[in-house]
Structure formats: C-alpha cells, structure tokens
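Listed here are the chains, written in short residue letters.
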Amino acid sequence: MSWILLAAVMFVPALVFGAIWQLFPSPDEPPRWRTFLATRLERLAERIRPQRPPEYDPFTTLRVQERLSVVADHVRSLELDPRTFARAERIIASQLAYDQLLVEACHLAGVEVQPAAKGDPAERFREEVELASRGWAW
C-alpha cells in the first residue's frame, strides 16, 4: 500500500504539471487556437474555392503516342515472323501491353473506357477509332 501512495505522490503531480505546461506555447510555435483556426479556415476555403482542372502536359501525350507506335510495330513484326519462338505468348503479351497503353491514351484524350475482358478486340477497335477521331496518330 505504501508503494501505491509513493507512486501517486510522485507521478500524479508530474502528470498535472505536464498537462498545464502543454497549455503554454513555446516562443517557437504559434498558439494552438491560431493553428486550429487556420486549419478550419483552410478546409472551408478548399470547399468554397473552385477546383482547378489538372494542367495539361503535351509531352505526356507525345510519350504515350510514341510508346503506342513502338508496341504496335512490335506486334506487327511478331505477327509477320512465323519463326519466332513462343510466338503466340509474345503476341498476347504485346497486345495486353498495347491495350494498357490504349487505356492510358483514352484517359489523356477524355475517351470513356468501357469495362471489357482483357484483350477484347472489339473494345480495342472502339478505343482506336475514338482516339483517331480525336486526332491521335501512332
């Protein structure tokens, strides 16, 4: 019992004085009410402020177009060479990479990507036509 009293006499005042000490800011940090008010006002300003559209980078479009042309040329060369080892697997892998690049290009051009099975030729054709109608060339 005496150990409990000794612990209470030692630790309770330290906890109380530590809590009181936290109420007074140091000279380096601003008062807590000011930081609280600033965060609340910033949240309010984010809700009121109109959202800016993301900045368009034309070099991203050029990079995707160039990657699309390289992968399309690779798929064409695989389809024309009958002596390629594991030809079918390479064609499938290259077409899936081409499909992913088409999805990225559709996001950049604002084309809606409809959910479809991986490697769906009808969806691939639709995306290619939509991109070509928007001026994309690869």
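The rules behind each value
- Residues numbered from 1 in each chain as written.
- Predicted model: local features only at pLDDT ≥ 70, side-chain atom pairs only at ≥ 80, totals over all residues.
- Heavy atoms only, no water.
- Core = buried A, V, L, I, M, F, W, Y, C linked by side-chain atoms within 4.5 Å.
- Buried < 20%, exposed > 50% of the residue type's maximum accessible area, 1.4 Å probe, protein only.
- Contact = heavy atoms within 4.5 Å.
- Domains from an automatic or database assignment.
- Patch = residues over 30% accessible without salt bridge, like charges linked within 9 Å, V, L, I, M, F, W, Y side chains within 5 Å.
- Areas by Shrake-Rupley, 256 points an atom, 1.4 Å probe, with all protein chains shown as cover.
- Salt bridge = Lys/Arg side-chain N within 4 Å of Asp/Glu carboxyl O.
- Helix = DSSP H or I, 4+ residues; strand = E, 2+ residues; numbered from the N terminus.
- Axes fitted to C-alpha atoms, helices over the stretch in contact; angles between N-to-C directions.
- Parallel < 35°, antiparallel > 145°, perpendicular 65-115°, else oblique.
- Left-handed = near helix turned anticlockwise from the far one by under 90°.
- Nonpolar A, V, L, I, M, F, W, Y, C, P; charged D, E, K, R; others polar.

### Some thoughts on the nonpolar core
Now for step 1: One finds Leu68, Tyr98, Ala105 and Leu131 to be the most contacted residues of the largest nonpolar core, which totals 13 residues.
Now for step 2: In contact with Leu131, other than residues within four places in its own chain, are Leu102, Ala105, Cys106, Ala109, Val111, Trp136 and Trp138.

### Here's the deal with the domain arrangement of the protein
Now for step 1: Here the protein is partitioned into domain 1 (1–48) and domain 2 (58–134).
Now for step 2: Using C-alpha coordinates to define each centre, domain 1 is positioned 58 Å away from domain 2.

### Concerning a nonpolar patch on the surface
Now for step 1: Together, Val12, Val16, Phe17, Ile20, Leu23 and Phe24 line one region of the surface with nonpolar side chains, adding up to about 650 Å² of accessible area.
Now for step 2: Structurally, the position occupied by Phe17 is in helix α1 (residues 2–22).
Now for step 3: Judged by relative accessible area, Phe17 falls into the exposed class, the value being 59%.

### Considering the packing of helix α4 (residues 87–109) against helix α5 (residues 121–133)
Now for step 1: Relative orientation of the contacting elements α4 and α5 amounts to 40°, with a least axis distance of 10 Å. In terms of orientation, α4 lies oblique with respect to α5. Every pair of crossing elements has a handedness; the one defined by α4 and α5 is left-handed. In this structure, α4 contributes Gln95, Tyr98, Asp99, Leu102, Val103, Ala105, Cys106 and Ala109 to the contact, and α5 contributes Arg124, Glu127, Glu128 and Leu131.
Now for step 2: For the contact of α4 with α5, the class distribution of residues is 7 nonpolar, 1 polar and 4 charged.

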